[in-house]
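# Analysis of the macromolecular model
Below are the chains, spelled out letter by letter.
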Amino acid sequence: MIIAVDGPTASGKGTIAKALAKHFGLPHLDTGLLYRAVGYQVSLYDGDPDDPAEALAATRFADELLGHPELRSEATGGLASRVSVHPGVRKALLERQQAFAGQPGGAVLDGRDIGTVIAPNADVKLFVTASVEARAQRRWQEMRDRGESHTLLEIEEDLRRRDERDRNRTAAPLVVPDDAYVLDTTALDKDASIAAAIDAVLEAT
Ligand code: C5P
């Protein structure tokens, strides 16, 4: 069983994907981490994330980078969003994601283009969303727990910028897949979001 989980930044899709993987006993890939690793790798060499060739070269990052705590920072998220617009970067990361999705037994993948590009034949497609205010509040709390200080307004502006970039890029923009179940988590806490996602998967299979 392949479960595709897409949605904007801080919608809760990562938490939901992880919980689904645990519940259904499937391996999980957070594909945002791959783009974050590319963005971080560019910054390590003082490169330009908007330059397609420099960003493409950074797709040969060392796998150890995937566990680096800096990958989760707000700054790296911004870099990831910039390198992810380049079609060459997306293509370089495609095979790895499709190989993960194609494992015998299946997998859960979360990102922006799982149900549309990476695994269009996924058995279940979830599109997780929430209001920008709710997402900003969650991201603010998360950053505070990590010891990063940003104002709520800064976070909200950054989310709007990233949403716009993800939705308007030509290569694999963030869209709701036709056959997706849309889960709005604005008014749901973590446990209720997970329970709703599990129900949606059971209903779809
Ligand atoms: O999900 P996360 O915030 O970690 O993703 C970081 C950035 O990577 C996103 O803002 C998005 O631009 C990009 N991304 C993408 N396609 C994916 C996953 C992430 O373009 N499948």
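Residues numbered from 1 in each chain as written. Predicted model: local features only at pLDDT ≥ 70, side-chain atom pairs only at ≥ 80, totals over all residues.

Per an unreviewed UniProt entry, the recorded name for the protein chain is Cytidylate kinase, and the organism is Erythrobacter westpacificensis. Quoted verbatim from the Sequence similarities (unreviewed entry) field of the UniProt record, the comment on the protein chain reads "Belongs to the cytidylate kinase family. Type 1 subfamily." (UniProt positions renumbered as here; feature names shortened; annotations may be inferred.)

Now for the UniProt feature "domain: Cytidylate kinase" (unreviewed entry) in the protein chain. This chain's UniProt record puts "domain: Cytidylate kinase" (unreviewed entry) on residues 3–198. With 52% helix and 11% strand, residues 3–198 has end C-alpha atoms that lie 11 Å from one another. (Helix = DSSP H or I, 4+ residues; strand = E, 2+ residues; numbered from the N terminus.)

Now for the pairing of strand 4 (residues 124–129). Most of strand 4 sits out of view: five of its six residues are buried. Where strand 1 (residues 2–6) meets strand 4, four bridges bridge the pair, whose relative direction is parallel. The residue of strand 4 that forms the bridge with Asp6 is Phe127. Relative to strand 5 (residues 181–184), strand 4 runs parallel, the two sharing four bridges. Across the sheet, residue Phe127 finds its bridge partner in strand 5, namely Val182. (Buried ≥ 20, exposed ≤ 12 C-beta atoms within 10 Å, placed from the backbone. Pairing = 2+ DSSP bridges.)

The environment of the ligand is formed by 14 residues, the closest being Gly32, Tyr35, Ser81, Ser84 and Gly111. Those elements giving two or more residues to the shell around the ligand turn out to be helix 2 (32–44), helix 4 (74–83) and helix 8 (152–168). In terms of residue class, the shell around the ligand is made up of two nonpolar, seven polar and five charged. (Near = placed C-beta within 6 Å. Nonpolar A, V, L, I, M, F, W, Y, C, P; charged D, E, K, R; others polar.)

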